[in-house]
Amino acid sequence: MRVSPRGRQSSSAVLIYLIVLMSLQLFLITVAAEAWLTDEAALAWSTAAVSVVLFGCAAAFLRYLRP
Amino acid sequence: MADDDSAVEGAEPAWKRDFPYEAAAEEEVTRREFARYLVLGTGALAIGNIGLAAWTQLRRVAGGEPRAIVALADLPIGATHLFRYPTEADPAVMLRVSEDQFVAFSQKCTHLGCVVYHQPERDRWHCPCHKGDFDAISGAVLSGPPTRPLDQIVLEVRPDGFVWALGREVKA
C-alpha cells in the first residue's frame, strides 16, 4: 500500500513521541529507585502515577498509527 | 472481489500463495510493531514503578516490635552500638549521650541510603558518600544534600537493665 508523505510524517511523529515517552519512563524508574533507596513513599507513588499516565498516553498514540 | 483472499484483512494474498518467496525486508520490524514494542516497554516500566512504590510503602509501614537491644553495662557514655531494627535488613546505630540519655537512628542516610557513622569530635552523624551531616541528638540535617532527618528509633530504658527499641519513627 502506498503511503502519502503526510501519512509517513504523522507516523514518524508518533514514533518520536513514543520514544520520548519511553525516555521519560526510564527517567521515572530511576526516580522510583531513588525514592526506594531513601524510603520516600510519597515520591514513589507520585512517580508511579505519572508513569501510568505516560503509559496511557503511549497507548493512545498507538491508535494514531496507520495499521 | 469476493473470491480474492487479499480482500480479507490480514489474509495472505493469492499471488503470495502461488509464488511463495521471502524478501529480506519482510524480516524487518514494521513501524507499527516497533511502536507496539515501545508501548509494551512503557507499560512494563509503569508496572515496575508501581511495584517499587508498593515496596517502598510496605517498608515504611514496618515500624518494628519492641525488642531488647543492648545492656546498659555494655554501652559506655559516648560509645555507639550497631544493631538491626526493625528488620535484619535495616541497620541502626545507638549512641549513649549521657548516663541516662540514649538516642538511636536508622543508619541509612536519607539522601541515597549510604551508612552514616558517629563523629564524636564533631558531635554529629556523618555520611561519607556525599558529605551529609546530621545532628547527633536530634538527627536533624546540618549540612549536605539530605533533605530530611534520620529515621529515629524510639528507645526506653527498662528495669531489666536493657535498652529497648519500641519502634521506628519516620520524620517528615
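This one's a predicted model, so the numbers in the text were calculated from it and none came from an experiment.

J.: Describe the pattern of salt bridges, listing the residues and the values that go with them.
T.: Scanning the model with the defined rule gives six salt bridges over all chains in all. Among the salt bridges present, the one from Glu99(B) reaches Arg96(B), with a minimum N-O distance of 3.4 Å. Relative accessible area serves as the criterion here: at 55%, Glu99(B) is assigned to the exposed category. One salt bridge in this structure joins Asp151(B) and Arg148(B), with 2.9 Å as the shortest N-O distance. In the salt-bridge network here, residues are joined through shared partners; they are Glu40(A), Arg148(B) and Asp151(B).

J.: Give me the lowdown on the sheet that holds strand E9 (residues 152-157) of chain B, citing residues and values where you can.
T.: Residues and elements named next belong to chain B. Pairing within the open sheet is antiparallel, and its six strands lie in the order E1-E10-E9-E4-E3-E2. Here the strands that pair on one side only, and so sit at the sheet edges, are strand E1 (67-71) and strand E2 (80-84). This sheet shows a mean twist of 30° between the axes of neighbouring strands, independent of strand direction.

J.: Go over the packing of aromatic side chains, please, and point to the residues and values.
T.: The final tally for this structure, using the stated rule, is three aromatic pairs over all chains. Between the aromatic rings of Trp36(A) and Trp55(B), the centroid separation amounts to 4.9 Å while the plane-to-plane angle is 55°, which identifies the pairing as tilted. Of this pair, Trp36(A) sits in helix H1 (residues 5-37) while Trp55(B) sits in helix H2 (residues 31-61), on two different chains. With centroids separated by 5.9 Å and ring planes inclined at 70°, the aromatic side chains of Phe105(B) and Trp125(B) adopt a geometry described as edge-to-face. Of this pair, Phe105(B) sits in strand E4 (residues 102-106) while Trp125(B) sits in strand E6 (residues 124-127); the two residues are 20 residues apart in sequence, bridging distant segments of the chain. The exposure class assigned to Phe105(B) is buried, which follows from its relative accessible area of 0%. Residue Trp125(B) is classed as buried on the basis of its relative accessible area of 0%. Looking at Arg158(B), its charged tip hangs above the ring of Trp164(B), at a distance of 4.2 Å from the centre.

J.: I'd like to hear about the interface of chain B and chain A, residue by residue, with values.
T.: At the junction of the two partners, chain B supplies 32 residues and chain A supplies 35 residues. Between chain B and chain A, a total of about 3,000 Å² is buried, with carbon and sulfur atoms accounting for 67% of that surface. When the buried area of chain B at its contact with chain A is split by residue, Arg31(B), Arg32(B) and Asn49(B) rank highest and sum to 22% of it. Summed over the shared surface of chain B and chain A, the number is one salt bridge. Residue Glu40(A) pairs with Arg148(B) through a salt bridge whose shortest N-O separation is 3.3 Å. In this structure, the connection of chain B to chain A is made through five residue pairs in polar contact (both at pLDDT 80 or more). Ranked by the residues each element gives to the side of chain B that touches chain A, the list is headed by H2(B), at 23 residues. Within the side of chain B that touches chain A, the residues separate by chemical class into 12 nonpolar, 11 polar and nine charged.

J.: An account of unusual backbone geometry is requested, with residue identities and associated values reported.
T.: Across the chain, the bulk of peptide bonds are trans and the bulk of non-glycine residues have phi less than zero. Residue Pro86(B) follows Tyr85(B) across a cis peptide bond; omega there is 0°. Of note, Pro86(B) is situated in the loop between E2 and strand E3 (91-96). Not every positive phi belongs to a glycine, and Asp39(A) is a case in point at roughly 60°. If you trace the backbone, Asp39(A) turns up in the loop between H1 and helix H2 (41-64). At Asp123(B), a position not held by glycine, the phi torsion is positive, near 55°. With respect to the helices, strands and loops of the structure, Asp123(B) is situated in the loop between strand E5 (117-119) and E6.

Cut-offs used in this document
Residue numbers here run from 1 along each chain, matching the order of that chain's written sequence. Think of it this way: whatever chain is written first is A, whatever ligand is written first is 1, and the rest follow in order. Totals for whole chains, interfaces and linings use every residue, but because this is a predicted model, local features are given only for residues with pLDDT of at least 70 and side-chain atom pairs only at 80 or more, for both listing and counting. In computing side-chain properties, one takes all heavy atoms of the structure into account and sets aside hydrogens as well as water. Any Lys or Arg side-chain nitrogen located within 4 Å of an Asp or Glu carboxyl oxygen qualifies as a salt bridge. Buried residues are those whose accessible area, probed at 1.4 Å on protein chains only, stays under 20% of the maximum for their type, while exposed residues exceed 50% and partly exposed ones sit between those limits. One bridge is not enough; two strands pair if DSSP finds at least two bridges between them. The secondary structure listing takes helices from DSSP runs of H or I that are at least 4 residues long and strands from runs of E that are at least 2 residues long, numbered from the N terminus. Only the stretch in contact is used when a helix axis is fitted, and all axes are lines through C-alpha atoms; the angle between N-to-C directions ranges over 0 to 180 degrees. Note on aromatic contacts: the rings of Phe and Tyr and the six-membered ring of Trp form a pair at centre separations within 6.5 Å, being stacked when their planes are under 30 degrees apart, edge-to-face when over 60 apart, and tilted otherwise. Whether a charge lies above a ring is judged from NZ of Lys or CZ of Arg, which has to be within 6 Å of the ring centre and within 35 degrees of the ring normal. By the convention used here, residues are in contact when the closest approach between their heavy atoms is within 4.5 Å. Here's the idea: put two parts together, see how much 1.4 Å probe accessible area each one loses, and the total over both is what we call buried area. Under the rule applied, a polar contact is a pair of N or O atoms within 3.5 Å (in protein, one hydrogen donor and one hydrogen acceptor; residues adjacent in sequence only if both atoms are side-chain atoms). Classification used: nonpolar for Ala, Val, Leu, Ile, Met, Phe, Trp, Tyr, Cys and Pro, charged for Asp, Glu, Lys and Arg, polar for all others including Gly.

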